[in-house]
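Structure at a glance
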Amino acid sequence: MALMITDECINCDVCEPECPNQAISMGEDHYVIDPQRCTECVGHFDEPQCVQVCPVSCIPVNPAHVESRATLWEKYRRLQAAQVTARGG
């Protein structure tokens, strides 16, 4: 499952730096989460960090991107491999 940020977002800027996958960015009206990069922090933390720090609880599971924990783990591994390749390693 990837997460999503709803229009209840107050653009407080606390979630973006907490994302270990750089999946959060400023959208047209509020922050958004790239479902291709969101692993719900699987591989990094036990809980999604953006959800932990959000003061308005506007980060639910994205129903359009339901994924199992195993799928999230594989996505994490692909993202890590891409980072190593990008660094020339």
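Quick caveat, the model's predicted, so the values are computed rather than measured.

1. Section: the overall build of the protein
For the protein, the helix and strand inventory stands at two helices and two strands. Put simply, the protein runs from its N terminus to its C terminus through helices and strands in the order β-β-α-α. For a compact globule of 89 residues, the expected C-alpha radius of gyration is about 12 Å, and the protein comes in at 13 Å, within 12% of that figure. In terms of overall dimensions, the protein has a C-alpha envelope of 40 × 25 × 20 Å along the principal axes. Classification of the 89 residues of the protein by burial places 36% in the buried group. In the protein, of all internal contacts separated by at least 6 residues, the share reaching a separation of at least 24 is 68%.

2. Some points on the side chain of threonine 39
Tracing the backbone shows threonine 39 in the loop between strand E2 (31-33) and helix H1 (49-53). For threonine 39, a relative accessible area of 0% corresponds to the buried category. A polar contact of 2.9 Å, which involves the side chain of threonine 39, links it to the side chain of asparagine 21.

3. Focus: the environment of cysteine 12
Structurally, the position occupied by cysteine 12 is in the segment before strand E1 (24-26). By relative accessible area, cysteine 12 is classed as partly exposed at 32%. For the pair cysteine 12 and leucine 79, spaced 67 residues apart in sequence, the C-alpha to C-alpha distance is 27 Å.

4. A closer look at the pattern of salt bridges
All told, the structure shown has two salt bridges when counted by the stated rule. Among the salt bridges present, the one from glutamate 74 reaches arginine 77, with a minimum N-O distance of 3.9 Å. Highlighted residues: glutamate 74 and arginine 77, both in helix H2 (residues 69-86), separated by three residues, approximately one helical turn. When its relative accessible area of 37% is taken as the criterion, glutamate 74 is described as partly exposed.

Rules of the game
Residues numbered from 1 in each chain as written. Predicted model: local features only at pLDDT ≥ 70, side-chain atom pairs only at ≥ 80, totals over all residues. Heavy atoms only, no water. Helix = DSSP H or I, 4+ residues; strand = E, 2+ residues; numbered from the N terminus. Rg over C-alpha atoms; globule rule 2.2 N^0.38 Å. Buried < 20%, exposed > 50% of the residue type's maximum accessible area, 1.4 Å probe, protein only. Contact = heavy atoms within 4.5 Å. Polar contact = N/O pair within 3.5 Å; in protein donor to acceptor, adjacent residues only side chain to side chain. Salt bridge = Lys/Arg side-chain N within 4 Å of Asp/Glu carboxyl O.

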